[in-house]
Every structure is written in C-alpha cells, then in structure tokens.
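# Fold and geometry: a report
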Amino acid sequence: MNITVYLGANPGSDPALERAARELGGWIGESGHALVYGGSKSGLMGLLAESVLRAGGEVTGVEPRFFVDAGFVYDAITRLIVTEDMAQRKAKMIELGDAFIAFPGGTGTLEEIAEVMSKASLGHLDAPCILYNLNGYYDGLKAQLAHMIEMGLSSPEKQAGICFADSLDGIREILRTSDSHRRENGTMKQTIRVNEYANQIVSALPKGVLLNTNGDKFNAMVIGWGHLGTLWSRPTFHVYVRQGRYTKGQLDRTGEFTVSIPLDGVDPVINRVCGGQSGFNIDKVREAGLALEDARTIGTPGVRQYPLTLECRVLYAQDQDLSRIPEDIRARMYPQDVPGTAPLANRDCHTMYVGEIVDAYIIG
Ligand SMILES: Cc1cc2nc3c(=O)[nH]c(=O)nc-3n(C[C@H](O)[C@H](O)[C@H](O)COP(=O)(O)O)c2cc1C
C-alpha cells in the first residue's frame, strides 16, 4: 500500500526522532509498501525517504514548485510530483495514500493530518489515520480530541478512524487490522512493484488483457499488444488502438486508462464481449458482467475479475505511419478492405498511446 507520512524538514532535538524515522522507513521499504511524503531532502523527511530507498522501497515525493525551485528536493526518490502550491500538495498526498501517519512534527504536519482526520470523520476517506505518539509527543492532541467529545463537539463515531501508536509495532498492528477489515469489505488493493510482475504482465498479453477507459461511460476492450517499459525515466505501458475503436475517442478525451490483467487465466465471456464487440453498440459492463473497482489515483476503474491493475496517464501518443510498416505486415494487418468501426477492422492504422504508470496493485 502507499503510506503517506507527514513529518518535518528539520531533525528535531531528540535523537529518538532520527532512530524512529529510520526504523519506520526501513520497515516501509522491506515490507513492499511505498512511501508518499513531501519530497524534501533535509531533516527527518530526508532520513525517512533515504531509509525507504535503502530498504528497496519506492518513494513518491509531492513538492510545491517553490520548494523545488529553492533546491529542497531529494533527487534520489523514485518519483517526484510537482504541485503549484501547498493546497495542491496536500490534496495529492491524500489522493495517493492508502494509510496516513503523522510523525512528530510542527504546524505543517498538524495542518496536514488535521485535514486527513477531518475527511475520515466525514466519511470521505476510508483509510487509517495514525498519530505516531513517540514518547508521548501527541498526548496533548489526544487529550484535545477526548475533550471535543466531552464537550459534545465531536463523537467517538467521528473519531473512529483516528488512531494513536507509540511504536512501529503499534503502527503495524493498526495497518494489519485495517487491511483485514478492507479485505472483508472487498476493497483491498495490494500495491506492487510493477517490475516484479513483468513476467505475468507480458505473458498475459497474447491471450488478451483489458484496456479500460471512462469517458461517456466505462468501456473495456481486449488488447494483445503492449509494452511494459521506461520512457523519459518514467515507468510506462504502451498500447496500440485502431483508430476506429470506441476506446480511441474515450482515450483522446480523458487522457488516461487502466489495464486489467488476469492472474488465473482469461474469462471466455469477458474476452468474447470485450474483444469482439464495440462500445459503440453495447454496454460491456452489463454484457460481460464486469465488476468494477474504483481506481486510486485516476478516474478510470479497474475490473475485479482481472485483478492486476495498472493505472496510467497518457504521456505521449503517435499515429502509425503506414508507409514505414514492412510490406508483408502492412498487407496482412492493414489491407484497407474492412471499415474502421467493425471489431475486425483493418483499414485503420493504430495509434500508440504511451501511458505513464502512476499506480499499480492487485485487487484482493
Ligand atoms: C486477443 C485479442 C487482442 C486484441 N488486441 C487488440 C489491440 O492490441 N489493439 C486493438 O486496437 N484491438 C485489439 N483487439 C480488438 C478489440 O478488442 C476489439 O475490436 C474491440 O471490440 C474494440 O472495442 P471498442 O470498440 O469498444 O473499443 C484484440 C482482440 C482480441 C480478441
């Protein structure tokens, strides 16, 4: 899962802070989770990110442009998201997180975790919100929250998602319990490192995986061509869509897609409907019995039956140039005699869409 951690860009005065930041980062990296944090290199923020990277984990930094320009960014992190201002940074860090931890910090940390607490109490966020109460650092806040309830200004129900942990073991226990709760409710998403699943992804392609788009409606089409790779130092998945497909219009409008990959073989009904019929004519969710799962980072759901999910934003697109395709392939694949909107159309060229993989997980 993506764990968003809020903490300060200075080291603090107690050496226990440094030890705890390193311990937390080491655990996030080793356990296959990923860190989302503010993106800076200094103080506790830098220590935490460095510890995650050292333990083999991925780190996403979300940094406002003015901090980037001032040279605060930690260059070694896996992914940097630059926002226009602090408000956008807060929103992005919430959007990306599956769990939220406030490490001991200052007013900035307090502001950030307060928004998470508020969203959890309104029911707008179903994710654990953990105050890391190292050496009693957040005892005052704990008392304040209890006081709010006593005064009838908050309630135990509203504060149900807010937890205090005084050690890493406590944090792990809270996350473990919330994971099993989510699993029971069918909303578990296990974050993956895409490279570790490269074999499954590439091997699934010849039998067909789903390319999902969500414009006027949700639509899934089977694709058999695709590449997992890297472009401009970003993790990417490239797809090829004939220009008469319903999918193409949706992709051009929304600029995003999900790829749903089966782990236990294909479902013949899903592949027949989504690979042989067009969204121009039918509602594939109904016809193929697709169970949709909301995405975490973009607006296009995945399909539960094909649980390995890549969320992608279009980074680049290019139409094929027929004149540069080898003659024998051109004659076989693009003979110009079947109209472009038919499922087996061959008159159209393909457009290649390069999607930046912005999130990847297995729906449990
Ligand atoms: C195994 C398989 C692989 C396919 N691969 C692709 C592909 O890579 N690109 C493409 O444009 N169409 C491909 N198709 C065809 C589309 O899935 C099919 O035309 C679909 O009906 C298009 O749906 P849409 O019009 O709703 O977008 C494939 C079909 C099958 C069965």
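A brief report on the enclosed structure follows.

This part takes up the nonpolar core. Ranked by internal contacts, the top residues of the largest apolar core, which has 47 residues, are Leu-35, Leu-48 and Ile-101. Take this core: its biggest share by element is six residues, from helix α2 (residues 43–54). Setting aside residues no more than four positions away along its own chain, Ile-101 makes contact with Ile-3, Val-5, Ile-130, Tyr-132 and Ile-171. Counting residues in hydrophobic clusters, the runner-up holds 31 residues, among them Met-221, Val-273, Leu-308 and Leu-310.

It is worth spelling out the sheet that holds strand β2 (residues 34–37) at this point. Strand order in this open sheet of seven strands is β4-β3-β2-β1-β5-β6-β7, and the pairing throughout is parallel. Every other strand in the sheet has two partners, leaving β4 (79–83) and β7 (162–165) as the edge strands with one partner each. Averaged over all pairs of adjacent strands, the angle between strand axes in this sheet comes to 25°, irrespective of strand direction. Across three bridges, the pairing between strand β5 (residues 99–102) and strand β6 (residues 129–132) is parallel. In the strand pairing of β6, Ala-102 is matched with Leu-131. Strands β1 (2–6), β2 and β3 (58–64) of the sheet are contacted by α2, whose axis makes an angle of about 160° with β2. Contacts from helix α4 (residues 86–96) reach β1, β2, β3 and β4, with the element oriented near 155° to β3.

This part is about the pairing of β1. The buried fraction of β1 amounts to five of the five residues, a majority that puts the element mostly inside the structure. Burial of the side chains of β1 extends over both faces: Asn-2, Thr-4 and Tyr-6 are buried on one face and Ile-3 and Val-5 on the other. As paired elements, β1 and β2 share three bridges and run parallel to each other. By the bridge assignment for β2, Asn-2 is matched with Ala-34. The β-α-β motif built from β1, the intervening helix α1 (residues 15–30) and the parallel element β2 has right-handed crossover chirality.

This brings us to the site of the ligand. Around the ligand, the surrounding shell holds 21 residues, and the nearest of these are Gly-224, Thr-247, Gly-275, Ser-278 and Gly-279. Secondary-structure elements contributing two or more residues to the shell around the ligand are β10 (218–223), β12 (234–242), α9 (246–254) and α10 (268–276). For the shell around the ligand, the element with the most residues is β10, which contributes four residues. Here the residues of the shell around the ligand are counted per class, giving nine nonpolar, 10 polar and two charged.

On to the environment of Val-285, then. For Val-285, the location among the structural elements is in helix α11 (residues 284–288). With 12 residues separating them along the chain, Val-285 and Val-273 place their C-alpha atoms 9.6 Å apart. Beyond its immediate stretch of four places on either side in the chain, Val-285 contacts Phe-218, Leu-290 and Leu-292.

It is the contact of α1 with α2, at a shortest axis distance of 7 Å, that shows an interaxial angle of 35°. Taken as a pair, α1 and α2 cross one another with a handedness that is right-handed. In this structure, α1 uses Leu-17, Glu-18, Ala-21, Arg-22, Leu-24, Gly-25, Gly-26, Ile-28 and Gly-29 to contact α2, whose residues at the interface are Leu-44, Leu-47, Leu-48, Ala-49, Ser-51, Val-52, Leu-53 and Arg-54. When the residues that make up the contact of α1 with α2 are grouped by side-chain class, the tally is 10 nonpolar, four polar and three charged.

With that out of the way, let us pick up unusual backbone geometry. The phi torsion of most residues other than glycine is negative, and most of the peptide bonds are trans. Within the chain, Asn-135 stands out as a residue other than glycine whose phi angle is a positive 50°. Inspection of the secondary structure assignment puts Asn-135 in the loop between β6 and α6 (139–150). Given 12 C-beta atoms within a 10 Å radius, Asn-135 is considered exposed. Phi at Trp-232 is positive, roughly 50°, even though this residue is not glycine. Residue position: Trp-232 is located in the loop between β11 (227–231) and β12.

Rules of the game
Residues numbered from 1 in each chain as written. Predicted model: local features only at pLDDT ≥ 70, side-chain atom pairs only at ≥ 80, totals over all residues. Core = buried A, V, L, I, M, F, W, Y, C linked by C-beta atoms within 7 Å. Buried ≥ 20, exposed ≤ 12 C-beta atoms within 10 Å, placed from the backbone. Helix = DSSP H or I, 4+ residues; strand = E, 2+ residues; numbered from the N terminus. Contact = placed C-beta atoms within 7 Å. Pairing = 2+ DSSP bridges. Axes fitted to C-alpha atoms, helices over the stretch in contact; angles between N-to-C directions. Right-handed = clockwise from strand over helix to strand, strands pointing away. Near = placed C-beta within 6 Å. Nonpolar A, V, L, I, M, F, W, Y, C, P; charged D, E, K, R; others polar. Left-handed = near helix turned anticlockwise from the far one by under 90°.

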